[in-house]
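Here is what each chain is made of, one letter per residue.
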Amino acid sequence: MSDEDFKTDVGPLRQQLIDWRRDFHRHPELGFQEHRSANLIADRLHALGYQVKTGIATTGVVGLLEGKQPGSVVMARFDMDALPIAEENKVDYASQDPGVMHACGHDAHMAIGLGVATLMAQRRDEVAGTLKLAFQPAEEGGDGAKAMIEEGVLEDPCPDVFLATHVWNELPAGIIDVTPGAIMAAAEKWHCTVQGKGGHGAAPHQTTDPIVATAQIVTALQTIVSRNVGPLETAVVTVGSVHGGDAFNVIPPQVDLTGTIRSYSPRVREMVLQRVREIIEGVAAACGAEAGLEITPLTPAVVNDAKVAQVVRTAAEAVVGSENVTTGERTMGSEDAAFFMQKVPGCYFFLGSANPERGLDAPHHNPHFDFDEDVLTIGVAAMMHALAHYLLHEEKRG
Ligand SMILES: [Zn+2]
Ligand SMILES: [Zn+2]
């Protein structure tokens, strides 16, 4: 496989990729409601000759391309959902649905997925193995990946390798980051009720004040990361909401808190969860109050397999040059691709997409989010090079 192959292949697709992306962008759909997007994708995959399954986890679509020769099964995943955000960009491809916006770049992912589908279909005769393109609903906190797994997306055939990418405005367009190991955090959400005894604001001695207990809990929680987590390890404990009391002269009976916990390693995760519980229950007890804590796991960490990451690095270097392939991009954000990657060795890489000179550098989930569309071809080419490593073998080509 020559390094130039996909650069030349993808060139003619450039305008088509932009058109697909803008069409998805105009018509954003929230998690598990991606009916229009899914129909469009399924139609395209059908037209390209893929075996297509639809309605997986409501709106998920899988396109299967089986090669003439046996070989690896590679699954590439593209998420489809938008966010409940009102777009503030003044562009002709702005969202036509007030209050819903592709503010994370999943419109780009769908376009890249269709680009890959197109180029791979053109090389169908050279494919040894099976390509599984999975278009996933509800990445944004909606557990779409988990639902697809429950509906069998990792069976029949079971992938040997998993690939995914995300356009990434933290990095400039033209950069690809491939980092082995943990790159996105395991996430939990927690809810806690601090139960005291309410009463008159002028008679605190007759009450058990849950506000004072809560204040100490919030402060003590800060010591987990600063005093319990090793200085070279990574974790976050955030209190995201505190609700209690209605009147200036009343001590309320109860305060409700919610928050999130983020970590990379299972060992640190276990320890942090235990410390959160000990602190909340212990501090509440010391104040004479009672705390009920519920911790709900959301996603595991995204951990890139070293071998697959090396393949993706080589692929990325072929597209943007080794000087533009970085290592070390990590975030404490979470991503439900982690559920696939718990079962299949894979690599999730970041496709730098910001272009500050053109004002395309707003952060993800911001009403001004937009990115440099040149990265669509880069994303397709990088994905194709990585897929070629597994599915298009030089010696099997005529
Ligand atoms: Zn997002
Ligand atoms: Zn996203």
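Up top you'll find the structure we're talking about.
Worth saying up front: this structure is predicted, and the values here are computed from it rather than measured.

Thresholds applied
- Residues numbered from 1 in each chain as written.
- Chains lettered and ligands numbered in written order.
- Predicted model: local features only at pLDDT ≥ 70, side-chain atom pairs only at ≥ 80, totals over all residues.
- Heavy atoms only, no water.
- Salt bridge = Lys/Arg side-chain N within 4 Å of Asp/Glu carboxyl O.
- Helix = DSSP H or I, 4+ residues; strand = E, 2+ residues; numbered from the N terminus.
- Buried < 20%, exposed > 50% of the residue type's maximum accessible area, 1.4 Å probe, protein only.
- Donors = N, O, S within 2.8 Å, 3.2 Å for Na, K, Ca; no water.
- Tetrahedral: all angles 85-135°; square planar, octahedral: opposite > 155°, others 65-115°.
- 1 Å grid on protein atoms, 1.4 Å probe; cavity = no way out; pocket = protein on both sides within 12 Å on 5 of 7 lines; lining within 4 Å.
- Points joined across faces, edges and corners; volume = space filled by probe spheres on them.
- Nonpolar A, V, L, I, M, F, W, Y, C, P; charged D, E, K, R; others polar.
- Phe/Tyr/Trp six-rings, centres within 6.5 Å; stacked < 30°, edge-to-face > 60°.

**Q** Would you mind going over the pattern of salt bridges with me for this structure?
**A** Between side chains of opposite charge, a pair can form when the charged atoms approach closely. Throughout the structure, instances matching the rule amount to 19 salt bridges. The salt bridge partner of Arg21 is Asp370, with a shortest N-O separation of 3.0 Å. You can see Arg21 sitting in helix H2 (residues 14-26) and its partner Asp370 sitting in the loop between strand E16 (346-354) and helix H10 (375-391), a full 349 residues away along the chain. Taking the relative accessible area as the measure of exposure, Arg21 reaches 0% and is therefore buried. Residue Asp370 is classed as buried on the basis of its relative accessible area, which comes to 4%. Ionic pairing is found between Glu233 and Arg267, a salt bridge with its closest N-O pair at 2.4 Å. Placement of the pair is Glu233 in the loop between helix H6 (210-228) and strand E10 (235-244) and Arg267 in helix H7 (residues 266-286), with a sequence separation of 34 residues. The class of Arg267 is exposed, set by a relative accessible area of 58%. Where salt bridges share partners, they join Arg21, Arg22, Asp107, Asp370 and Glu373 into one cluster.

**Q** Help me out: how do you make sense of the coordination of the zinc ion (ligand 1) in this one?
**A** Ideal values for angles at a metal depend on the geometry: 109.5 degrees with four tetrahedral donors, 90 or 180 degrees with six octahedral donors. Of the protein atoms, only Cys104 (SG), Glu140 (OE), Glu140 (OE) and His365 (NE2) coordinate the zinc ion (ligand 1), at distances of 2.0 to 2.8 Å. Because the angles between the four donor atoms bound to the zinc ion (ligand 1) fall within 51 to 149 degrees, the donor set is best described as irregular. The sequence pattern formed by the donor residues of the zinc ion (ligand 1) is C-x35-E-x224-H. Between the zinc ion (ligand 1) and the zinc ion (ligand 2), a separation of 3.1 Å is found, and both are coordinated by Cys104. One end of the pair, Glu140, is in the loop between strand E4 (128-136) and helix H5 (144-150); the other, His365, is in the loop between E16 and H10, and 225 residues separate them in sequence.

**Q** When you look at the coordination of the zinc ion (ligand 2) in this model, what are you seeing that I'm missing?
**A** Around the zinc ion (ligand 2), the donor atoms from the protein are Cys104 (SG), His106 (NE2) and His166 (NE2), and they sit 2.1 to 2.3 Å away. Counting residues between consecutive donors of the zinc ion (ligand 2) along the chain gives the motif C-x1-H-x59-H.

**Q** Would you mind going over the layout of surface pockets with me for this structure?
**A** The calculated volume of the largest pocket comes to roughly 490 Å³. Every residue lining the largest pocket is counted, 22 residues in all, and those nearest its centre are Glu139, Glu140, Gly333, Ser334 and His365. Where the lining of the largest pocket is concerned, the elements lending two or more residues are strand E5 (161-172) and strand E13 (290-299). By residue number, the principal contributor to the lining of the largest pocket is E5, which donates three residues. Residues belonging to the lining of the largest pocket are distributed by class as follows: six nonpolar, nine polar and seven charged.

**Q** Sorry if this is basic, but what is going on with the packing of aromatic side chains here?
**A** For any two aromatic rings, the description comes down to two numbers: the centre-to-centre distance and the angle of the planes. Inspection of every chain in the model, using the stated rule, returns five aromatic pairs. Between Phe369 and Phe371 the ring centres are 6.2 Å apart and the planes differ by 45 degrees, which places this aromatic pair in the tilted class. Accessibility assignment for this pair places Phe369 and Phe371 in one class, buried. A connected cluster of aromatic rings, assembled from ring pairs, spans Trp168, Tyr348 and Phe350.

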